[in-house]
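# Coordinates in review
Given next are the chains, with one letter for each unit.
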Amino acid sequence: LVVADNASSDDSMAYLTDNYPDIERIQLPVNYGFAKGYNEALKQVDAEFYLLLNSDVEVTPGFLDPMINLMDSDDTIGACQPKIRMYAFARGRIFDFCETDNGQYNDAAPVFWASGAALLVRSKLYHELGGLDEFFFAHQEEIDFCWRLQLAGFSVMVCPAATVYH
């Protein structure tokens, strides 16, 4: 677990230091925005997968295991996202209409893009494809990245066996 701080002005890093001193922290010197902030932080992380997870996301116990299992099952899956509850996401949403979740999307399936709120990606592909495009700063960068993954021959999946709240 690595927490990257994009030059926040609150006391979140002091809180981590005081309460979770064993958690690795990356302190960025300025707020680079979502895209460049991740790019700068992930240059310093050595892992097979990166989970890009917003600080306002609540995870459920064991949510990461099904996503990793899905990625491990097929080398052509470049990225995946969990089922994201309380958020307008690509599956079950058309413009401003969001369907009620009655389990109709409980199967793993390809999606055009996975939300940057909780995005699991192969680290090698993240770097090979140039990470998140910093032009987008903080919106649509995950759509662009997932599009590039697909152009490179990889799929993007939703893994509803994993659930988070956003």
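Here the structure is shown first, and the text comes after it.
A few points on the structure. (Residues numbered from 1 in each chain as written. Predicted model: local features only at pLDDT ≥ 70, side-chain atom pairs only at ≥ 80, totals over all residues. Heavy atoms only, no water.)

### A closer look at the overall build of the protein
Counting its secondary structure elements, the protein contains 5 helices and 10 strands. For 166 residues, the compact-globule estimate of 2.2 N^0.38 gives 15 Å, and the protein sits close to it at 16 Å. For the protein, the C-alpha atoms occupy an extent of roughly 45 × 30 × 30 Å along the three principal directions. Burial statistics for the protein: of 166 residues in total, 39% are counted as buried. For the protein, the share of sequence-separated contacts (at least 6 apart) that also reach a separation of at least 24 residues comes to 67%. If you average the places of the 10 positive and of the 25 negative side-chain charges in the protein, the two averages end up 4 Å apart. (Helix = DSSP H or I, 4+ residues; strand = E, 2+ residues; numbered from the N terminus. Rg over C-alpha atoms; globule rule 2.2 N^0.38 Å. Buried < 20%, exposed > 50% of the residue type's maximum accessible area, 1.4 Å probe, protein only. Contact = heavy atoms within 4.5 Å. Lys, Arg positive; Asp, Glu negative; His and termini not counted. Charge placed at Lys NZ, Arg CZ, Asp CG, Glu CD.)

### Comments concerning the packing of aromatic side chains
Summed over all chains, the structure comprises 6 aromatic pairs. Each ring, one from Tyr50 and one from Tyr126, has its centre 5.7 Å from the other, and the planes form 85 degrees; the classification is edge-to-face. With a gap of 76 residues between them, Tyr50 in strand E3 (residues 49-53) and Tyr126 in helix H4 (residues 123-128) connect regions that are remote in the sequence. Using a relative accessible area of 1% as the deciding quantity, one classes Tyr126 as buried. (Phe/Tyr/Trp six-rings, centres within 6.5 Å; stacked < 30°, edge-to-face > 60°.)

### Some details on the nonpolar core
Counting 25 residues, the largest nonpolar core has Tyr38, Leu42, Tyr50, Leu52, Val121, Tyr126 and Leu132 as its most contacted members. Elements that contribute at least two residues to this core include exactly helix H2 (33-42), E3, strand E9 (118-122), H4, helix H5 (141-151) and strand E10 (155-165). Tallying contributions element by element places H2 first for this core, with 5 residues. In this structure Leu132 touches Phe34, Ala35, Tyr38, Asn39, Leu52, Tyr126, Glu141, Phe145 and Arg148, once residues within four positions along its chain are discounted. In terms of nonpolar packing, the next biggest core, distinct from the first, is built from 16 residues, Phe49, Val57, Ile84 and Val164 among them. (Core = buried A, V, L, I, M, F, W, Y, C linked by side-chain atoms within 4.5 Å.)

### Notes on the environment of Asp133
Note on placement: Asp133 falls in the loop between H4 and H5. Separated by 15 residues in the primary sequence, Asp133 and Arg148 place their C-alpha atoms 10 Å from one another. Setting aside residues up to four positions removed in sequence, Asp133 forms contacts with Ala35, Glu141, Asp144 and Arg148. In this structure the side chain of Asp133 is engaged in a polar contact, spanning 2.9 Å, whose partner is the backbone nitrogen of Phe135. (Polar contact = N/O pair within 3.5 Å; in protein donor to acceptor, adjacent residues only side chain to side chain.)

### Description of the pairing of E9
Buried residues dominate E9, accounting for 5 of its 5 residues. Here E9 shows a buried face lined by Ala118, Leu120 and Arg122 and a second buried face lined by Leu119 and Val121. The sheet contact formed by E3 and E9 spans 5 bridges and is antiparallel. For Leu51, the partnering residue across the bridge sits in E9 and is Leu120. Bridge count for strand E5 (residues 77-85) against E9 is 2 bridges, and the pairing is antiparallel. Paired with Cys80 across the bridge in E9 is Leu120. (Pairing = 2+ DSSP bridges.)

### Quick word on unusual backbone geometry
Comment: phi is negative for the bulk of residues other than glycine, and the bulk of peptide bonds are trans. Located in the positive-phi region is Ala7, a residue other than glycine, with phi close to 60 degrees. Among the structural elements, Ala7 can be located in the loop between strand E1 (2-5) and helix H1 (12-19).

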